[in-house]
Structure formats: structure tokens, C-alpha cells
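Okay, here's what each chain looks like letter by letter:
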Amino acid sequence: VNIDVEYSFTPDAQDADGDTLTFAVANKPTWLQLDTATGQLTGTPTEQDAQNYPAIKLSVSDPSGATTSLPEFDILVNSVPVVVVNAQSSYFEGNEVTISGVNSYDVDGHEFSYVWQQTDGPTITIDSTSQSYISFSVPLVNDAINVSFNLTLTDSYGAINIHSFAFTISPDDIAPSVGDFILLI
């Protein structure tokens, strides 16, 4: 289960005599609640709960003391990958730029994929949107304009983290300067 996503499991249990069943659980994580009447396990783990919870055992009994259990199971609480973007706050038109997400990481050590998406500003042509970086030529502009991107990381367990960032493109309107010169006649 991913952090901040509700986990829910309800066993299918019936008593042959129609007796009321009572559920119990061993090795239950603190973020998980048990409904003792239905056996439903529910909870939403947070970042602090990210780890593996082994050997959880759900059992059910009737008033006569008959008891049975499901096989033990584990719940892995998965953290979202951490997005680290290396970008400046502004670029001049016409420059070649590389923006990197290579320092991004997954706390759990899981592999993850990159997806870059432009969300605002003049269209920027990017060769690949699925690498750890993007490279592009900054487009020509008449006035300063904002450009926005998202970098989405998705780990192998489906945890997603979307990081939005923006920068300004400015025209390169620095007038050429004329230096001192000597006129020889």
C-alpha cells in the first residue's frame, strides 16, 4: 500500500451454525484498525509508517470457541519517490539548457520512472520526456514570459510524486557595445 492511500481488506467468513463471529488480529500496525464484527481492516498509512509489516494474522472465532485463521501476510507501506529538480529561475532566449532530475530518489530503494510535462508557456521542444533530464533550446520571446513544467516520478509499486516548477524566459536584448577605437588617416 502506498502512503496516504487507504488500505482496506474484508475477509469472507461465515459460521455453519449462524453464530456471531468475532475477529482478532495479531501483529497489527498502529495505523490499521480492525472491525471485530466484520473482520475489515482499514487504515491510511502516513510517511512515518513506511516500512514492511510482517506476519499479520487475522483470526475469527465463534461463541463456542471454534477458531480459524487466514495465513499470515505482510503489508508493505511504500513511500513516494522524492523529486529533486536542478533548474534556474530564469534563462535567456536562444540558450541551450539542461534541467536535471537526476538527484531524485526513492527512500525505499525502488526503481522509478520520470515523466516531464510542460504545463504553461511557449511550446518548448524536448527530445525525450522520460529521462532523468530534459535538454532544449530556449525559444525566442519578445517579452519576459513564464514557463511551467511538472516532473512526475512513479515507483515500481505505483507511488507517484508530482513536482511543479517554473522559470522565466527573457529576451536577450543586451545592445551590442562599441568599444574605443582609433581612426588612422
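Heads up: the structure comes first, above all this text.
This report concerns the structure included in the present document. None of the values given here were measured: they were computed from a predicted structure. (Residues numbered from 1 in each chain as written. Predicted model: local features only at pLDDT ≥ 70, side-chain atom pairs only at ≥ 80, totals over all residues. Heavy atoms only, no water.)

**Looking at the sheet that holds strand 8 (residues 90-92)**
Here comes step 1: Spatially, 4 strands are ordered 8-13-12-10 in an open sheet, and the strand pairing comes out mixed. What marks the edges here is a single partner per strand, and that holds for strand 8 and strand 10 (112-120). With strand direction ignored, the average angle separating the axes of adjacent strands in the sheet is 30°.
Here comes step 2: Two elements, strand 10 and strand 12 (residues 145-155), share 8 bridges in a ladder whose sense is antiparallel. By the bridge assignment, Phe112 is partnered in strand 12 with Asp155. (Pairing = 2+ DSSP bridges. Helix = DSSP H or I, 4+ residues; strand = E, 2+ residues; numbered from the N terminus. Axes fitted to C-alpha atoms, helices over the stretch in contact; angles between N-to-C directions.)

**Some words on the sheet that holds strand 4 (residues 41-43)**
Here comes step 1: Pairing is antiparallel in the open sheet, where 3 strands are placed in the order 1-4-3. Two strands close off the open sheet at either side, each with one partner strand: strand 1 (7-9) and strand 3 (33-34).
Here comes step 2: Here strand 3 pairs with strand 4 via 2 bridges, running antiparallel. Bridging from a neighbouring strand, Gln33 pairs with Thr42 of strand 4.

**Quick word on unusual backbone geometry**
Here comes step 1: The phi dihedral of Asn27 is positive, around 65°, even though this residue is not glycine.
Here comes step 2: Here Asn27 lies in the loop between strand 2 (22-26) and strand 3.

**Looking at the packing of aromatic side chains**
Here comes step 1: Taken as a whole and assessed by the stated rule, the structure comprises 10 aromatic pairs.
Here comes step 2: Here the aromatic rings of Tyr7 and Trp31 are separated by 6.3 Å at their centres, their planes lie at 90°, and the arrangement is edge-to-face. Of the two residues, Tyr7 is situated in strand 1 and Trp31 in the loop between strand 2 and strand 3; the sequence distance between them amounts to 24 residues.
Here comes step 3: The buried category is assigned to Tyr7, whose relative accessible area is 17%.
Here comes step 4: For Trp31, a relative accessible area of 6% translates into the label buried.
Here comes step 5: Linked through ring pairs, Tyr91, Trp116, Phe136, Phe149, Phe165 and Phe167 together constitute an aromatic cluster. (Phe/Tyr/Trp six-rings, centres within 6.5 Å; stacked < 30°, edge-to-face > 60°. Buried < 20%, exposed > 50% of the residue type's maximum accessible area, 1.4 Å probe, protein only.)

**Observations regarding the pairing of strand 12**
Here comes step 1: With respect to burial, strand 12 is a largely interior element, 8 of its 11 residues being buried.
Here comes step 2: Bridge count for strand 12 against strand 13 (residues 160-170) is 10 bridges, and the pairing is antiparallel. Bridge pairing links Ile145 to Ile169 in strand 13.
Here comes step 3: From the end of strand 12 to the start of strand 13, which pair antiparallel, there are 4 residues, and Gly158 there has a positive phi angle of about 90°.

**Comments concerning the nonpolar core**
Here comes step 1: One finds Ile99, Ile124, Phe136, Phe149 and Phe167 to be the most contacted residues of the largest nonpolar core, which totals 19 residues.
Here comes step 2: Within the residue set of this core, elements represented by two or more residues are strand 9 (96-100), strand 10, strand 11 (133-137), strand 12 and strand 13.
Here comes step 3: Here the element with the most residues in this core is strand 12; it accounts for 4 residues.
Here comes step 4: Within the second largest apolar cluster, 14 residues are counted, among which are Ile3, Leu41, Tyr53 and Phe73. (Core = buried A, V, L, I, M, F, W, Y, C linked by side-chain atoms within 4.5 Å.)

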